[in-house]
Amino acid sequence: LIASERFEDAQKHRWDGFLATLNPVLLRAYLRVLPDFEDIEFEEAAKAHAARFGDVTTALGFFLAWTDLGHAARLVEQRATEIDGNLHHVLGPAAEALRTRYPLAAALLWRAMVNETLRKNRKDQYGPAADYLMDCAAADLEINDYGTFQSHGSFVDALRKRHGQKAAFWTRVS
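Below: a short report on this structure. (Residues numbered from 1 in each chain as written. Predicted model: local features only at pLDDT ≥ 70, side-chain atom pairs only at ≥ 80, totals over all residues. Heavy atoms only, no water.)

Things to note about helix H7 (residues 103–119)
1) Next: For H7, which comprises 17 residues, the first-to-last C-alpha distance of 24 Å matches the rise-based estimate of 24 Å (1.5 Å per residue) to within 8%.
2) Next: One or two steps after H7, the chain reaches Asn 121, where phi turns positive at roughly 55°. (Helix = DSSP H or I, 4+ residues; strand = E, 2+ residues; numbered from the N terminus. Expected span 1.5 Å × (residues − 1).)

Thoughts on the pattern of salt bridges
1) Next: Taken as a whole and judged by the stated rule, the model has 9 salt bridges.
2) Next: One salt bridge in this structure joins Lys 47 and Glu 43, with 3.4 Å as the shortest N-O distance. One end of the pair is Lys 47 and the other is Glu 43, both in helix H3 (residues 38–52) and 4 residues apart, which spans about a single turn.
3) Next: The class for Glu 43 is partly exposed, based on a relative accessible area of 22%.
4) Next: A salt bridge links Arg 99 to Asp 135, with the shortest nitrogen-to-oxygen separation between them at 3.2 Å. With Arg 99 in the loop between helix H6 (88–98) and H7 and Asp 135 in helix H8 (residues 126–140), this pair connects stretches of sequence that are 36 residues apart.
5) Next: Within this structure, Glu 43, Lys 47 and Asp 68 form a network of salt bridges that share partners. (Salt bridge = Lys/Arg side-chain N within 4 Å of Asp/Glu carboxyl O. Buried < 20%, exposed > 50% of the residue type's maximum accessible area, 1.4 Å probe, protein only.)

Observations concerning the packing of H7 against helix H9 (residues 152–163)
Packed helix pairs are characterised by how far apart their axes lie and by the angle those axes make with each other.
1) Next: In contact at an axis separation of 11 Å, H7 and H9 are set at 10° when each is read in the N-to-C sense. On the basis of the axis angle, H7 is roughly parallel to H9. Mapping the contact onto sequence places Arg 111, Val 114, Asn 115, Leu 118 and Arg 119 in H7 and His 152, Phe 155, Leu 159, Arg 162 and His 163 in H9.
2) Next: Among the residues making up the contact of H7 with H9, the classes are represented as 4 nonpolar, 3 polar and 3 charged. (Axes fitted to C-alpha atoms, helices over the stretch in contact; angles between N-to-C directions. Parallel < 35°, antiparallel > 145°, perpendicular 65-115°, else oblique. Contact = heavy atoms within 4.5 Å. Nonpolar A, V, L, I, M, F, W, Y, C, P; charged D, E, K, R; others polar.)

Laid out in structure tokens, this is it:
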């Protein structure tokens, strides 16, 4: 499109592609050619769209790639029930990126992975899950307000009630 000097069509293709995929490369290319100040408006629209995107994991990936940890943390907190705890390869690095400035969001990601591991009785993942629970305990020292979420102690108590019989996991936690 650009080679054919169809610049408006190229921009429409970039924007539509971003809206469908949250691909940050498309958004950067789109924003790069906008007039001054218009890029800020479209960047904010893009972030708002990402926050509502159907797949929360894709949205989280976008905010991390965009290096917008504040939006990533808000996304995690607002859509915690939608997070797929099976996606350790995404959630683990995301939690690490958030742990210092946004410990509650990091803890929610670790909790999702712990819950899913125990729910599915994935014994091969008990070691990492125990580490995530310990990461939650460390984050608890930095969290002043859990808002609507369970405190760390309440979360552990609930885990023990539901999964107390999984001695192999609890031995690793100790």
